[in-house]
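Coordinates in review
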Amino acid sequence: MTRRSKEPAERDTQLARLVLGLRSQGVTDPAVLAAIERTPRDLFTPDLFKERSWEDSALPIACGQTISQPYIVGLMTQALTLEPRARVLEIGTGSGYQTAVLSRLSRLVYTVERYRTLMRAAEARFDALQITNVITRFGDGFLGWAEQAPFDRILVTAAAPEEPIVLLQQLKPSGVLVAPVGKGPVQQLCRYAGDGAGGFTMDVLCEVRFVPLLEGVAREL
Ligand code: SAH
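Parameters and conventions
Residues numbered from 1 in each chain as written. Predicted model: local features only at pLDDT ≥ 70, side-chain atom pairs only at ≥ 80, totals over all residues. Heavy atoms only, no water. 1 Å grid on protein atoms, 1.4 Å probe; cavity = no way out; pocket = protein on both sides within 12 Å on 5 of 7 lines; lining within 4 Å. Points joined across faces, edges and corners; volume = space filled by probe spheres on them. Helix = DSSP H or I, 4+ residues; strand = E, 2+ residues; numbered from the N terminus. Nonpolar A, V, L, I, M, F, W, Y, C, P; charged D, E, K, R; others polar. Near = heavy atom within 4 Å. Polar contact = N/O pair within 3.5 Å; in protein donor to acceptor, adjacent residues only side chain to side chain. Areas by Shrake-Rupley, 256 points an atom, 1.4 Å probe, with all protein chains shown as cover. Sits in = over half its atoms within 2 Å of the grid points.

Some remarks on empty space enclosed by the protein
- A full pass over the atoms with the stated rule returns one cavity of 30 Å³ or more.
- Roughly 340 Å³ of volume is contained in the largest cavity.
- If you trace the largest cavity, you find 26 residues lining it, with Gln65, Gly92, Glu113, Thr157 and Ala158 closest to the centre.
- Elements supplying a minimum of two residues to the lining of the largest cavity: strand 2 (66-67), strand 3 (87-91), helix 4 (97-103) and strand 4 (108-113).
- For the lining of the largest cavity, the residue count by class is eleven nonpolar, eleven polar and four charged.

Encoded structure:
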């Protein structure tokens, strides 16, 4: 039996409540909050966890991966300081939830995923939501997307074991890259900002728990 999504009015209430919670935790950018409010998270969660779509917590998805916690999605999106003309690279499509939020705030989102199953499911969700400014790629995000570089913004939604040098090389000189960095179960959420002359400054925003960035594409049966 598949569980039905919430009725639209109830979904709106749940979304408004979620957004209020994020604001109280420091996600205050009105455009980011509006993008989250326009993105029905219950479309991105698996049937087993539909009821928990509105909790501010990460949830399991297929292939042993997770859909990010809404607060972290808000925090990372806010830290990117997106502009409507931005071309954004995302590593780790997962459910596509973060991708959908990014798509509301930028011109084009390129997103890379190493599980074909996840990528296909995310594509179907973008279609259902009539999101047309996302370009997906099945591949190894460690390599970025050289053919489309440089990007205005890069977001990594899996933990990089160390400074993501290859990705930083695909960023515009004044671009911003946000990534969890660290080898253990807890990583540091890092924000790299280009100085316009080939260098970067790095700030640690907080501690986070992400699934690791793994090399190569996943082999699936
Ligand atoms: N933003 C996603 C989070 C997904 S979890 C969401 O909200 O649903 C992180 C994702 O990164 C997983 O789907 C995982 O398969 C993917 N991933 C890990 N290593 C990768 C790599 N080298 N290239 C591309 N995707 C990768």
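Let us keep going from here.
Structural notes on the site of the ligand
- Taken together, 25 residues form the shell around the ligand, and within it Ser95, Glu113, Asp140, Gly141 and Leu214 come nearest.
- Between the ligand and Gly141 there is a distance of 2.7 Å, counted from a nitrogen atom to a backbone nitrogen or oxygen.
- Between the ligand and Thr157, the relevant distance is 3.3 Å, taken from a nitrogen atom to a side-chain nitrogen or oxygen of the residue.
- Isolated, the ligand exposes 580 Å² of accessible area, and the fraction of that covered by the protein chains is 99%.
- Mapping the ligand onto the cavity grids shows that it belongs to the largest cavity.
- Of all elements in the fold, only strand 2 and strand 4 reach the threshold of two or more residues within the shell around the ligand.
- Of the residues assigned to the shell around the ligand, the class counts are ten nonpolar, eleven polar and four charged.

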